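Here's the letter readout for the chains.
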Amino acid sequence: MDFLSLFSIFVLSVFVGFYVVWGVTPALHSPLLAVTNAISSVIIVGGLIAAVASKGLIDFSSTMGLIAVLLASVNIFGGFMVAQRMLAMFKKKK
Amino acid sequence: MNTTIIGFAYLLSGVLFILALKGLSSPVSARKGNTYGMLGMAIAVATTLVGAGSGLELSSYTNIIIAVAIGGLFGSILARKISMTALPQLVAAFHSLVGLAAVFVAIGAYKNPGAFFDGGIISTGSMIEMSLGLAIGAITFSGSVIAFAKLQGLVSGNPLVFKGQHLINLVIFLGILVVYIFVMLSTLNIWADIDFGYLLGNSFGLMLLVGSFSALGIYFSSLTNQPIIAAILSFIALFAMGVLSTYFASDPNHWFHYISLNNHYQSFTRGVIDSSDVIYFILFIATFLTLTIRRLDSDRLSG
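Residues numbered from 1 in each chain as written. Chains lettered and ligands numbered in written order. Predicted model: local features only at pLDDT ≥ 70, side-chain atom pairs only at ≥ 80, totals over all residues.

**Remarks on the overall build of chain B**
For clarity, the cut-off: Only runs of H or I of at least four residues qualify as helices and only runs of E of at least two qualify as strands under DSSP, and these elements are numbered from the N terminus. Here exposure depends only on C-beta density: within 10 Å of a residue's C-beta, 20 or more other C-beta atoms make it buried, 12 or fewer make it exposed, and intermediate numbers make it partly exposed, the C-beta atoms being placed from the backbone. Any pair of residues counts as being in contact when their C-beta atoms, constructed from backbone geometry, are within 7 Å of one another.
Along chain B, the regular secondary structure elements total 11 helices and zero strands. For chain B, the sequential pattern of α-helices and β-strands runs α-α-α-α-α-α-α-α-α-α-α. When each of the 303 residues of chain B is scored for burial, the buried share is 23%. At a minimum sequence separation of 6, the contacts of chain B that also span at least 24 residues come to 57%.

**Quick word on the overall build of chain A**
A tally of regular secondary structure across chain A gives four helices and zero strands. Put simply, chain A runs from its N terminus to its C terminus through helices and strands in the order α-α-α-α. Looking at chain A as a whole, 50% of its 94 residues are labelled buried. Considering only contacts in chain A between residues 6 or more positions apart, those separated by 24 or more positions represent 59%.

**Considerations on the interface of chain B and chain A**
Heads up, the rule is: Residue type decides the class: Asp, Glu, Lys and Arg count as charged, Ala, Val, Leu, Ile, Met, Phe, Trp, Tyr, Cys and Pro as nonpolar, and the leftover types, Gly among them, as polar.
Contact residues are listed per partner, giving 60 residues for chain B and 63 residues for chain A. Elements that contribute at least two residues to the side of chain B that touches chain A include exactly α1 (3-23), α2 (30-52), α3 (62-81) and α4 (87-111) of chain B. Among the elements that make up the side of chain B that touches chain A, the one with the highest residue count is α4(B) (17 residues). Class assignment for the residues of the side of chain B that touches chain A results in 38 nonpolar, 18 polar and four charged.

**Some thoughts on the environment of Val24(A)**
Within the secondary structure layout, Val24(A) lies in the loop between α1 (3-21) and α2 (29-40). Beyond its immediate sequence surroundings of up to four residues, Val24(A) is in contact with His29(A), Leu32(A), Leu24(B) and Ser25(B).

**Thoughts on the nonpolar core**
What counts here: Core membership is restricted to buried Ala, Val, Leu, Ile, Met, Phe, Trp, Tyr and Cys residues, and these are joined into a nonpolar core through C-beta atoms within 7 Å.
Ile43(A), Ala68(A), Val69(A) and Ala101(B) are the most contacted members of the largest nonpolar core, which totals 70 residues. Broken down by secondary-structure element, the contributors of at least two residues to this core are α2, α3 (44-52) and α4 (60-93) of chain A together with α1, α2, α3, α4 and α5 (124-152) of chain B. Non-local contacts of Ile43(A), meaning those with residues more than four positions away in its chain, are made with Ala68(A), Ala72(A), Val98(B), Ala101(B), Ala102(B) and Val105(B). Membership of the second largest hydrophobic core comes to seven residues, among which are Leu208(B), Tyr219(B), Phe284(B) and Phe288(B).

**Thoughts on the packing of α5(B) against helix α6 (residues 165-191) of chain B**
All names here are of chain B. Put simply, the rule is: Lines fitted to C-alpha atoms define the axes, with helix axes restricted to the stretch in contact, and inter-axis angles between N-to-C directions lie between 0 and 180 degrees. Two helices crossing with the near one rotated counterclockwise from the far one by less than a right angle form a left-handed crossing, whereas a clockwise rotation gives a right-handed crossing.
Relative to each other, α5 and α6 sit at 145 degrees, their axes nearing to 11 Å. Remark: the crossing between α5 and α6 carries right-handed chirality. Across the interface between the two elements, Thr124, Met127, Ser131 and Ala135 of α5 pack against Ile176, Tyr180, Val183, Met184 and Thr187 of α6. Partitioning the contact of α5 with α6 into residue classes produces six nonpolar, three polar and no charged.

**Considerations on the environment of Trp255(B)**
Residues and elements named next belong to chain B. Along the chain, tryptophan 255 turns up in the loop between α8 (227-247) and α9 (256-259). The class for tryptophan 255 is exposed, based on 8 C-beta atoms found within 10 Å. Tryptophan 255 sits 10 residues away from serine 245 along the chain, and the two C-alpha atoms are 9.4 Å apart.

**Examining α1(A)**
Along an α-helix, residues three or four apart share an orientation, since each turn contains 3.6 residues. Residue and element names in this part refer to chain A. Selection criterion: Each helix should span, by expectation, one fewer than its residue count multiplied by 1.5 Å.
Under the 1.5 Å per step criterion, the end-to-end length of α1 is 27 Å for 19 residues, consistent within 8% with the ideal 27 Å. Burial within α1 is sparse, with just zero of its 19 residues counted as buried. Backbone geometry just downstream of α1 places glycine 23 in the positive-phi region, at approximately 75 degrees.

**Quick look at the confidence of the model for chain B**
Residues and elements named next belong to chain B. Put simply, the test is: What pLDDT expresses is the predictor's confidence in each residue, scored from 0 to 100.
For chain B, mean pLDDT is 83; residues scoring 70 or higher make up 95% of the total. Per-element averaging of pLDDT across chain B places α9 at the bottom with 75 and helix α11 (residues 275-302) at the top with 90. The complex prediction reports pTM at 0.62, with the ipTM value standing at 0.85.

**Let's talk about the packing of helix α7 (residues 196-223) of chain B against α8(B)**
The relative placement of two packed helices comes down to the angle between their axes together with the axis-to-axis distance. Residue and element names in this part refer to chain B. The following threshold applies: Each angle receives one of four descriptions, namely roughly parallel if under 35 degrees, roughly antiparallel if over 145, roughly perpendicular if within 65 to 115, and oblique otherwise.
Between α7 and α8, the least distance of the axes is 8 Å, while the angle of their chain directions is 140 degrees. Considering their axes alone, α7 and α8 lie oblique with respect to each other. Note on packing geometry: the crossing formed by α7 with α8 is right-handed. Contacts between α7 and α8 involve Phe213, Leu216, Gly217, Phe220, Ser221 and Leu223 from the former and Ala230, Leu233, Ser234, Ala237 and Leu238 from the latter.

**Quick notes on α5(B)**
Residue and element names in this part refer to chain B. Compared with the 42 Å implied by 1.5 Å per residue over 29 residues, the 42 Å span of α5 between its first and last C-alpha is a close match. Every buried residue belonging to α5 is among Met130, Leu134, Gly137, Thr140, Phe141, Ser144 and Phe148, and all of these are buried. In this structure, the buried side of α5 is in contact with α4. Downstream of α5 by one or two residues, glycine 153 has phi in the positive range, about 85 degrees.

Structure follows, in structure tokens:
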């Protein structure tokens, strides 16, 4: 993709992020943070691309990719579960 | 797999992520939001595996499956077992892993550009993007580690300050810039012959020019409390210094040619460092900085 379309996506997503997160009830800040954190591990996509590229062989680049996949998947599973636990706590309080 | 379908799948997961964040803004929809997030992540991962690995056998996924299994198990156990009060610092600790993962992805992409970019050539734009990704990943990692330490009570909750902190931050910031520029130039150097002396001379001249402009601007800012007036004054003065020499072009011996900043910059653009030009710029900067200091001193002493 050319620079301009990538940059447009970046600018638009800045606005989306701003308006979506603006005005959240303070009580929901922690779960929101947890979910945002879990979503940020979408970086796993980059790791997968690096890991798959070597077609099953292990070279430097795919090792880097595998480490990235490992770290990011800790965060994917852990992050969403933490968010779920927080939300469960929130429901009980209500 | 068709690239259009892959594109749409990524778009779908992006939309699901936005819905997840939006859902988290109200208690009623919060749980639904979390589910959207998981769904979006699953679609993103599945699409990447199907898209990137077209024509691969299952065995090439073994490594990935093992990595995900270890990571997932570790993350799940941590998330389940840890006490409720420790959840915030757990989020911080998890987040540091994302930063680290981004760093590894950037390194992997740099060493094997064929997997990430068409034709295996890293364009300048991608190079900037990768460098930024690397730096932001590293900052995310260290920032999250400190956030974790603070929440865990390992470090006091007060802002971390130490002597010369701003100076060190400035040096780190400038250092990152210098490293980027160096990496970009050396990447370019593979394909093209770069005249580094010429480049250095030019940058040096540009630095002096910027310094002179800033010194004049600072002086005019010290004269007035109105930012607009200071801006307009500086602009007019710099415009005069820069452009008026073309007005006197018919008379090459006119005194104005000697004070024009542009004329003194000319030799640098040809890669020549002329000591008289350097001295002129340094004198210019020193004069206006001294005037500014005098001006601020007199303000302080009288007021």
